[in-house]
Amino acid sequence: MPAPLLQTKLHVPRRRRTEVARPRLLARLDRGWESALTLVSAPAGFGKTTLLTDWLTDPGPGRAVAWLALDPRDDDPAVFWTYLVASLQEAAPGVGAQARTLLASGDTAIDTVLTTLVNDLGALPGDLVLVLDDYHVIDAPDLHEGIAFLLDHLPPQVHLVIATRADPPLPLARLRARGELVEARAADLRFTAGEAGTYLTDVMGLTLTAADVATLEGRTEGWIAALQLAALSLQGRDDATAFISGFAGHDRYVVDYLVEEVLQRQPDDVREFLLRTSILSRLTGPLCDAVTGQDGGRAALDALERANLFLVPLDDRRRWYRYHHLFADVLQAHLLAEEPDRVADLHRRASEWCERHDDRPEALRHALAARDFGRAADLLELALPAMRQERQEATLRRVLDALPDDAVRARPVLTLAVAGVRLQYGELDGVETHLRDAEAWLDGPDARDADPELLRTVRAGTALYRAAQSRIGGDAQGTIGHARRVLDVVGDDVPLERGAAAGLLGLAYWSLGDLGAGHRWWVESVADLERAGHHADVLGGCIALGDIRVAQGRLADASDAYEHGLLVATRHGSPLLRGAADMHVGLSGPLRERDDLDGARSHLTTSKDLGDLAALPQNRHRWGVATARVRIAEGDLAGALRLLDEAQAAYVGDMFPDTQPIAAWRARVTIAQGDLVEARRWARDRGLGADDDLTYLREFEHVTLARLLLAEHDAAALGRATALLDRLAHAAEDGGRTGSLIEILTLQALAARARGDLPAAVTTLQGALTLAEPEGYVRVFVDEGPRLTALLKAVPTHVGYVRRLLVAASTTSGPGTAPALVDPLSPRELDVLRLLSGDLDGPGIARELVVTLHTVRSHTKAVYAKLGVTSRRAAVRRARELGLLP
Amino acid sequence: MSTDEQAPESYEIRVQGRLDPRWASWFDGMTLAGAPGGVTVIHGPVVDQAALHGLLQKLRDLGLPLVSVGPTAGPPAAVPPHPTA
């Protein structure tokens, strides 16, 4: 349940008293109704907020104003975007509902959230302005990137206004060049002499000579805050001119001097009130009373507001105010100088009041300012569950960093929180220290008397983080040990922790090659995560289940897993959960394998159409590989390579073992094209050898190596391939990896054939067919091309199945037959082809092209493969048919 | 400037506008001194770049125009502050 939002941050201020009319500035700002960004950039006290308030009061029919008053706590994506969407919803209730839901689920990329927001904004019938006030408090680069994204995609009727003390790191130059930027800077905001005069005499009612006004304006340089303070100092004075010339005669920091003047003129109780409440970021009567220890806070605030003493109202009901920032800073400096010992106490009182009134973040801030770290740590512990739920990681990190080590160490829950934050940000050395601290606490005296619930939480948390740490370190056994301990410790009432631990076990066993155990643990994990309501993580689990089943050769079960995931992704209505697109990619696999290429293509298209909003980050490359495999089935190897290259560029790693690296896929395709150079280079880069110890994680690569060796058409290589395939077959069998085994047996059959041992080839192939028939495998055989098709014809058993396979081979053009130049000749190959049509022999061609004979032979081989021929004469004939040669 | 290099331990920041000595506690650990032309020289130990930027932000938030910022070895050659009016 998200914490309630502070309505005061969303309050749209209205002009409440006569200000100086500034028609030239307002006219300039009015252009903001036609621009993407209006930037008001000037130091504190230049009247930015007042100016914007003036501009936007009574904007006119059909125009809406949204306002967000930013403070340092908003420098956290979870907080910032929630408030930004809320501010838009205040102005235009139909906007941002979907964005709000996505933000609450916490698993969505910000671009996705902003896209839905932009779509909502695009439907607005009238213009809307969104003001971000005090934007300079925003520091996090990804927040600036998000705003830049918004600026790029804003519909024409929506306009952003930023008020700031420092130019934001946004593409201002680009906006300026496109005429999409309206600016008002310090030079524009300063009061002119005329405006200063109007302010002092008309608005503030002072009687001043023209010379006085000129002196004041000169001394303050039109700095509005200074003029306001000067005006306050001059009220009720008889000696205006004397004061002014005295004021002008020194070069003291103007604001400080004037605030001192103003303070001196206040009665003692008002002065004390101002100084003591200056520590508050928001003021209301009862809070002021708590801090000052007096009564009458509400009345005091009313009086201050009427006296124009820099109180800014934060709502329409005169309950909440804040001081003008500049004024507050100077007051605080005075307080610090006059009563340094009192400051901590004031903050402590404020902290207690805020805590009693459920403003925990502010209570924390005051506790830290009071340097009461014990209190701050206690407050943080209480706030932790909510912060976690709302993914306020940036805030959590900031507060944890502000706490001294001993305050954290004494509280194991906080110690674990720090470990968790470090893990999240990949700062692994920090993790170890804090886990040791947590374990030390468990062994220490405090643990003996501790609440059993707390003990369980700390034991489980420590074990879970140790398991995660082991996983990152690639220590599968360590992961298993720690994750099991989590399950020993926690009860059934914490499905999230159970699900996380079970998932880690699933990952560990999977990467060790124990697919049965891996699957069992993933099933548990998915069930627990569903109970915990963490649906996005459920989808990740479904991918694991599906992928494991495919490796085990259980295509129907794999499809079931992806179908289940799809159900989870869609059952909660719109928007679809991230991962729906991934399920479609998963479903395409078994369909493709069974030669339902239309079905496979349909799912891949659906996945693409669902778009990034419905996809996990890994889906880009998974889609690429899945589609490449369909291209392979269609015989379009060049197309497959292009897709694999795109997939590689889009590759994003995750926790799952990378069992089929894209580079290995690439090698397979180039081998099928007849280009062994690249595949050899790949094998060398990966350090692969036929004598390697075999592990599950490298199985796919080793099978690819076997393919390379088979393609070498070399007796020694064939021998190594045979030995390697033999070992691979045993390993796959032991590991229950029927999917891999079918492929390995098929290759073994081809190897036997290459050795001239037809009976062994047929027997081995029969073994593969037996395993493959129940699940309806097709492509694993047909994609091997005519050599395997020929072998199939020699198989006396599995009659119906073989017939189906042969039909499939003849109707779909596999990679063994080259359709009319799907793979065009390279310029070099064309050169060689042209010379092949002439009289030169190999060495002659080499001399003509100034290359080695070896190169000529390579190109010739490629030309033959692409033309689907095996002789020079046939190549020339085919090339003439295709119009490549005259 | 890489944060791995040996960072200077002191910085000297000059702002336009004389700050009363009272402000020293606001910039804790720093000393304030006056310089000709109505300039205040803020000088003292700065732990790292992040601390320097924090200090600059405090000055920004007071609206004090920056004149110069730079690392320094010893205390600045400064004119003692004028007596307050």
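Residues numbered from 1 in each chain as written. Chains lettered and ligands numbered in written order. Predicted model: local features only at pLDDT ≥ 70, side-chain atom pairs only at ≥ 80, totals over all residues.

(A) The overall build of chain B, seen in detail. Looking only at helices and strands, one finds 1 helix and 4 strands in chain B. Look at the contacts in chain B between residues 6 or more apart in sequence, and 66% of them connect residues 24 or more apart. (Helix = DSSP H or I, 4+ residues; strand = E, 2+ residues; numbered from the N terminus. Contact = placed C-beta atoms within 7 Å.)

(B) Layout of the overall build of chain A. Regarding its fold elements, chain A presents 49 helices and 7 strands. Taking the principal axes of the C-alpha coordinates as reference, chain A spans close to 120 × 80 × 45 Å. The 886 residues of chain A split such that 46% are buried. A sequence separation of at least 24 residues applies to 65% of the contacts in chain A between residues at least 6 apart. (Buried ≥ 20, exposed ≤ 12 C-beta atoms within 10 Å, placed from the backbone.)

(C) Structural view of the interface of chain B and chain A. Taken residue by residue, the interface counts 15 residues in chain B and 20 residues in chain A. A breakdown of the residues in the side of chain B that touches chain A according to their chemical character gives 6 nonpolar, 4 polar and 5 charged. (Nonpolar A, V, L, I, M, F, W, Y, C, P; charged D, E, K, R; others polar.)

(D) Broad picture of helix 39 (residues 699-711) of chain A. Residues and elements named next belong to chain A. Taking 1.5 Å as the rise per residue, helix 39 with 13 residues should run 18 Å; its terminal C-alpha atoms sit 18 Å apart, in good agreement. For helix 39, the buried fraction is high: 11 of the 13 residues fall into the buried class. The complete set of buried residues in helix 39 reads Glu-699, Glu-701, His-702, Val-703, Thr-704, Leu-705, Ala-706, Arg-707, Leu-708, Leu-709 and Leu-710. Looking at the buried residues of helix 39, the elements they touch are helix 37 (662-673), helix 38 (676-685), helix 40 (715-734) and helix 41 (738-754). Trailing helix 39 by a residue or two, His-713 shows a phi angle of about 50°, which is positive. (Expected span 1.5 Å × (residues − 1).)

(E) Up close: the pairing of strand 1 (residues 10-16) of chain B. All names here are of chain B. Counting buried positions along strand 1 gives 5 out of 7 residues, so the element sits mostly inside the fold. Looking at chain direction, strand 1 and strand 3 (residues 39-45) are connected through 7 bridges and run antiparallel. Bridging from a neighbouring strand, Glu-12 pairs with His-43 of strand 3. (Pairing = 2+ DSSP bridges.)

(F) Representation of the sheet that holds strand 1 (residues 37-41) of chain A in the model. All names here are of chain A. Spatially, 5 strands are ordered 2-3-4-1-5 in an open sheet, and the strand pairing comes out parallel. Whereas interior strands pair on both sides, the edge strands pair on one side only; in this sheet they are strand 2 (64-69) and strand 5 (181-185). Across the sheet, the mean angle separating the axes of adjacent strands is 15° when strand polarity is ignored. Here strand 3 (residues 128-133) pairs with strand 4 (residues 158-164) via 6 bridges, running parallel. The partner of Asp-133 across the bridge, within strand 4, is Ala-163. (Axes fitted to C-alpha atoms, helices over the stretch in contact; angles between N-to-C directions.)

(G) Molecular detail of helix 20 (residues 360-369) of chain A. All names here are of chain A. By the criterion of burial, helix 20 is predominantly enclosed, with 8 of the 10 residues buried. For helix 20, the set of buried residues is Pro-361, Glu-362, Ala-363, Leu-364, Arg-365, His-366, Ala-367 and Leu-368. Taken together, the buried residues of helix 20 touch helix 19 (340-356), helix 21 (373-389) and helix 22 (393-402). At the exit of helix 20 stands Arg-371, carrying a positive phi of roughly 55°.

(H) Quick peek at the domain arrangement of chain A. The assigned domain composition of chain A is domain 1 (7-189), domain 2 (193-259), domain 3 (268-389), domain 4 (404-514) and domain 5 (827-881). For domain 2 of chain A versus domain 5 of chain A, the distance between C-alpha centres works out to 93 Å. (Domains from an automatic or database assignment.)

(I) Inspection of the sheet that holds strand 2 (residues 31-35) of chain B at higher detail. Residues and elements named next belong to chain B. Spatially, 4 strands are ordered 2-3-1-4 in an open sheet, and the strand pairing comes out antiparallel. Looking along the sheet, the strands with just one partner apiece sit at the ends: strand 2 and strand 4 (66-72). Taken pair by pair, the neighbouring strands of this sheet meet at an average axis angle of 20°, ignoring direction. Pairing analysis gives 5 bridges linking strand 2 to strand 3, with the strands arranged antiparallel. Within the sheet, the bridge partner assigned to Leu-32 lies in strand 3 and is Ile-42. Running at roughly 15° to strand 1, helix 1 (residues 49-61) makes contact with strand 1 and strand 4 of the sheet.

(J) Main features of the packing of helix 34 (residues 597-610) of chain A against helix 35 (residues 619-634) of chain A. All names here are of chain A. Contact pair helix 34 / helix 35: the axes reach a minimum separation of 11 Å and the direction vectors enclose 150°. Relative to helix 35, the element helix 34 lies roughly antiparallel. Between helix 34 and helix 35 the crossing geometry is left-handed. Contacts between helix 34 and helix 35 involve Leu-597, Ala-600, Arg-601, Leu-604, Ser-607 and Lys-608 on the former and, on the latter, Trp-623, Ala-626, Thr-627, Val-630, Ala-633 and Glu-634. (Parallel < 35°, antiparallel > 145°, perpendicular 65-115°, else oblique. Left-handed = near helix turned anticlockwise from the far one by under 90°.)

(K) Main features of the confidence of the model for chain A. Chain-level pLDDT for chain A is 90 on average; 97% of the residues reach the 70-or-more range. Below pLDDT 50 for its whole length, residues 814-820 of chain A participates in 24 contacts with residues either more than four positions away or in separate chains. (pLDDT = per-residue confidence, 0-100.)

(L) Up close: the packing of helix 27 (residues 452-472) of chain A against helix 28 (residues 476-489) of chain A. Residue and element names in this part refer to chain A. Relative to each other, helix 27 and helix 28 sit at 160°, their axes nearing to 8 Å. Classified by the interaxial angle, the pair formed by helix 27 and helix 28 is roughly antiparallel. Handedness of the helix 27/helix 28 crossing: left-handed. Contacts from Arg-456, Arg-459, Ala-460, Ala-463, Leu-464, Arg-466, Ala-467, Ser-470 and Arg-471 in helix 27 reach Gly-478, Thr-479, His-482, Ala-483, Arg-485, Val-486 and Val-489 in helix 28.

(M) Spatial organisation of the environment of His-53 of chain B. Residues and elements named next belong to chain B. Tracing the backbone through its elements, the reader meets His-53 in helix 1. The class for His-53 is partly exposed, based on 13 C-beta atoms found within 10 Å. With 14 residues separating them along the chain, His-53 and Val-39 place their C-alpha atoms 20 Å apart.

(N) Geometry of unusual backbone geometry. Residue and element names in this part refer to chain A. Unusually for a residue other than glycine, Asp-58 sits at a positive phi of about 55°. On the basis of neighbour count, Asp-58 is assigned to the exposed category, with 11 C-beta atoms found within 10 Å. One non-glycine residue, Val-850, lies in the positive phi region at around 55°. In this fold, Val-850 is placed in the loop between helix 47 (842-849) and helix 48 (853-867).

(O) Expanded view of the nonpolar core. All names here are of chain A. Within the largest apolar cluster, 265 residues are counted, with the highest numbers of intra-cluster contacts made by Val-131, Leu-227, Val-255, Leu-644 and Ala-706. Setting aside chain neighbours within four positions, we find Val-131 in contact with Leu-52, Ala-66, Trp-67, Leu-68, Val-161 and Ala-163. Formed by 13 residues, the second largest nonpolar core is a distinct cluster that contains Leu-833, Leu-835, Ala-862 and Ala-879. (Core = buried A, V, L, I, M, F, W, Y, C linked by C-beta atoms within 7 Å.)

(P) Region of the structure containing the environment of Val-568 of chain A. Residue and element names in this part refer to chain A. In this fold, Val-568 is placed in helix 32 (residues 555-571). Val-568 sits 95 residues away from Ala-663 along the chain, and the two C-alpha atoms are 33 Å apart. Not counting the four nearest positions on each side in its chain, Val-568 is found in contact with His-535, Val-538 and Leu-539.

(Q) Inspection of the environment of Leu-567 of chain A at higher detail. Note that Leu-567 of chain A resides in helix 32. Spatially, the C-alpha atom of Leu-567 of chain A lies 33 Å from that of Ser-470 of chain A, the residues being 97 residues apart in sequence.

(R) The arrangement of the confidence of the model for chain B in detail. Counting all residues, the mean pLDDT for chain B is 80, and 76% of those residues have values of 70 or more. Of the two predicted TM-score estimates for the complex, the pTM is 0.71 and the ipTM is 0.79.

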